[in-house]
2 protein chains.
Amino acid sequence: MSDRQKSIILDAMGGDLGPGVCVEGAVQACNEAGYPLRVILVGDERQLESELAKHHINGSHISIVHAPDVVRMDDPPTDGIRKKDSSIGVGMRLLRDKTGDGIISTGNTGAVMAAGLAYLGRLPGISRPAIACLFPSENGRTLLVDVGANPVCKAQNLVEFGVMGSAYCESVGGVPNPRVALLSIGEEPTKGNDLTILTHQILTTSNLNFVGNVEGRDILRGRADVVVCDGFVGNIMLKFAESLHGFLTNAVRRQISRNYFSRAGAILMGPFLRRMRRTFDYAEYGGAPLLGLDGMCMICHGSSSPKAIKNAIWAVERGFDGRVNDRIVEGIQREGKSDNPKAGAELKG
Amino acid sequence: MSDRQKSIILDAMGGDLGPGVCVEGAVQACNEAGYPLRVILVGDERQLESELAKHHINGSHISIVHAPDVVRMDDPPTDGIRKKDSSIGVGMRLLRDKTGDGIISTGNTGAVMAAGLAYLGRLPGISRPAIACLFPSENGRTLLVDVGANPVCKAQNLVEFGVMGSAYCESVGGVPNPRVALLSIGEEPTKGNDLTILTHQILTTSNLNFVGNVEGRDILRGRADVVVCDGFVGNIMLKFAESLHGFLTNAVRRQISRNYFSRAGAILMGPFLRRMRRTFDYAEYGGAPLLGLDGMCMICHGSSSPKAIKNAIWAVERGFDGRVNDRIVEGIQREGKSDNPKAGAELKG
């Protein structure tokens, strides 16, 4: 990691499980990092102090910044801007003012995106920030972009998603020259809809390591490191994948109550079954980065475990160290300068 | 079942595993039906005769109609029409001429659809036939329509998918007044894209039992019996779900080779693990119906097991008995006569 001590801002109030989980995750991140780390908890001072008092912190520094208000899960996204004194509003201003190097929230995704757009703005050359999400795959992970910020997209947006996903995969995932693919319904460039056909043409002549179209089955097979799609398809895929966790859990539960053999088998296979269920539990991956904002932002599931918070803190740190946002801006500039007149027109248009 | 002896046509040449599997499936369907059944095998006479000679048939009748040609999996869809003497072409003409009551093919989906459109035509009032597919759910099955025939759709098409899916669920699945939902990225009518927003409006005033929008997670949770979406989203979902089978299989295999405890657990839980993997194995459900053609058509996976063929034969029979196509035509007529001017305009337009 880098030599300078980084500060990660944590909106500790947005989740479903109360601030205790966020504080515990922050403590784990600090104590297990192996080097000094700084975490700034944002939220109700009294609650956070009482949670923090339960833990011992080694060599790192966890501070608290008070925010009297909270954006709840069912509040409209605009509350991310309207509620100026909410933990997400206060946290975003800390990031804007460079008091921190990145922010994590377990809160309302729409509100975090709205606050991010209002306080941080977009990176130069990015028309639409996106939400990315890691899917499990046979040989590692696949980053799907966008999973819900942009239900309706132009080809230009999908190319930007490719640039942003590629930069993230390289910086945070440590994948050199990530393979970028376009989600469609056939490998042939002409398969799909108008959006995928045009996007395929532009990606082919881009500077990305474009490996062509992939189908729904190729995500788990790990045929690409980054898969781009519009936020409508991506959100449906994400929520379907998330529901597998509950589906497998219920199936195992029914099986265990069936007979003694199954119960014995389930006990012996316990670690495996838990791992299988976790494979599709989005919280396990830390969080979903918001890409394209002028500041590192990550959203964790509302019911994140301390481990998920810890992983998210480390991911944001790696992203900052790996200069994700600089790489995104450089990538977008490369596409703008591309020889391909079609790409140029699209990206400028 | 009904009193008249039904004839099901089986294109026995299209699959990946050779005609033996189709013949075995036909024999199982006949011997296990509990009443006399007629199956017409279409394909290479010599091969089919030699396969059929390996089996004993009780009280039912399996005949062979020779077709010298085959449409292969990687042939273009138009070969379904161009190759007139292929097993799918000959089979479709038998269905058109009422020699059979329904057809099943393990072949090239695009070619079967093309041949169906050419030889059978569409049902009155249907603008676009669709492919439906059963997904597992917590409380039974969910029928997703369309899973690939129509990558680009209008609201009118999605409403037709709802009518067709509802008729199929009622006739073949025995579900009274099936719950029809629209796949989107939020329950609110205004969430999604232009297509889902307009479709939601029309479905609300339709005669279907419309339960609103559902999200990706609601498919496995069984919140609806029929879920409509365009064929782009549906195909990506289908292929993702299909890939879970291989993903789980490989995970179990890796686990078993890990240590003796896991191996013992896997043996004890064997039936469960197999069932879990099968849950996402599309072949287990028999097949995917092509809805909207003037004749009952079902496509089975190219690598279908005899059991899948057997289930498909029975499903086509139930569909014929349950008058699926009559119900579809009645449903479309009801929508056309609807009081909703928007729906009327859309459906006539």
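Reading guide: rules and limits
- Residues numbered from 1 in each chain as written.
- Chains lettered and ligands numbered in written order.
- Predicted model: local features only at pLDDT ≥ 70, side-chain atom pairs only at ≥ 80, totals over all residues.
- Heavy atoms only, no water.
- Helix = DSSP H or I, 4+ residues; strand = E, 2+ residues; numbered from the N terminus.
- Buried < 20%, exposed > 50% of the residue type's maximum accessible area, 1.4 Å probe, protein only.
- Contact = heavy atoms within 4.5 Å.
- Polar contact = N/O pair within 3.5 Å; in protein donor to acceptor, adjacent residues only side chain to side chain.
- Expected span 1.5 Å × (residues − 1).
- Pairing = 2+ DSSP bridges.
- Axes fitted to C-alpha atoms, helices over the stretch in contact; angles between N-to-C directions.
- Least-squares fit on C-alpha atoms with pLDDT ≥ 70 in both.

Undergrad: What exactly am I supposed to notice about the overall build of chain A here?
TA: In terms of regular secondary structure, chain A is built from 14 helices and eleven strands. Within chain A, the fraction of its 349 residues that count as buried is 60%. Within chain A, counting contacts between residues at least 6 apart in sequence, those at least 24 apart form 72% of the total.

Undergrad: Please clarify how the environment of Ser127 of chain A should be interpreted in this entry.
TA: All names here are of chain A. Among the structural elements, Ser127 can be located in the loop between helix H5 (109-119) and strand S5 (130-137). When residues no more than four places from it in sequence are discounted, the contact partners of Ser127 are Arg122, Gln156, Asn157 and Glu160. A distance of 3.1 Å separates polar atoms of two side chains, one belonging to Ser127 and the other to Asn157.

Undergrad: Quick question: what am I supposed to make of helix H6 (residues 155-171) of chain B here?
TA: Side chains three or four residues apart in an α-helix point the same way, a direct result of the helix having 3.6 residues per turn. The terminal C-alpha atoms of H6 of chain B lie 25 Å apart, and with 17 residues this matches the ideal 24 Å at 1.5 Å per residue to within 8%. Burial of H6 of chain B is extensive: 16 of the 17 residues sit out of reach of the surface.

Undergrad: What exactly am I supposed to notice about the sheet that holds strand S1 (residues 7-11) of chain A here?
TA: Within a sheet, each strand pairs with its neighbour through backbone hydrogen bonds, oriented either parallel or antiparallel. Residue and element names in this part refer to chain A. Here eleven strands make up an open sheet; going across it, the order is S3-S2-S1-S4-S11-S10-S5-S6-S9-S7-S8 and the pairing mixed. Looking at strand neighbours, the two that pair on one side only are strand S3 (61-66) and strand S8 (209-214), the edges of this open sheet. Put simply, the sheet's adjacent strands are angled 25 degrees from each other on average, direction ignored. Relative to strand S2 (residues 38-43), S1 is paired through five bridges, and the arrangement is parallel. By the bridge assignment, Ser7 is partnered in S2 with Arg38. Lying on the sheet, helix H12 (residues 306-321) is in contact with S1, S2, strand S4 (102-105) and strand S11 (296-299); it crosses S11 at an angle near 160 degrees.

Undergrad: Explanation requested: the sheet that holds strand S8 (residues 209-214) of chain B in the structure shown.
TA: Residue and element names in this part refer to chain B. Taken in spatial order, the eleven strands make up an open sheet running S3-S2-S1-S4-S11-S10-S5-S6-S9-S7-S8, and their pairing is mixed. The strands lining the two open edges of the sheet, one partner per strand, are strand S3 (61-66) and S8. On average, each strand axis in the sheet is tilted by 25 degrees relative to the strand beside it, whichever way the strands run. Two strands pair when backbone bridges link them, and strand S7 (residues 179-183) and strand S9 (residues 226-228) are joined in this way by three bridges, in the parallel orientation. Looking at the pairing, Ala181 lines up with Val227 of S9.

Undergrad: How should the relation of the copies chain A and chain B be read in this particular structure?
TA: Mapping between the two copies of the chain is achieved by a rotation about an axis and a shift along the axis. At an RMSD of 0.0 Å, chain A and chain B line up after a rotation of 180 degrees and a shift of 0.0 Å along the axis. What the rotation and shift describe, once combined, is the action of a two-fold rotation axis. Ranked by how close their C-alpha atoms come to the rotation axis, the residues of chain A are headed by Gly265 of chain A, at 2.0 Å.

All we've got here are geometric facts, nothing functional implied.
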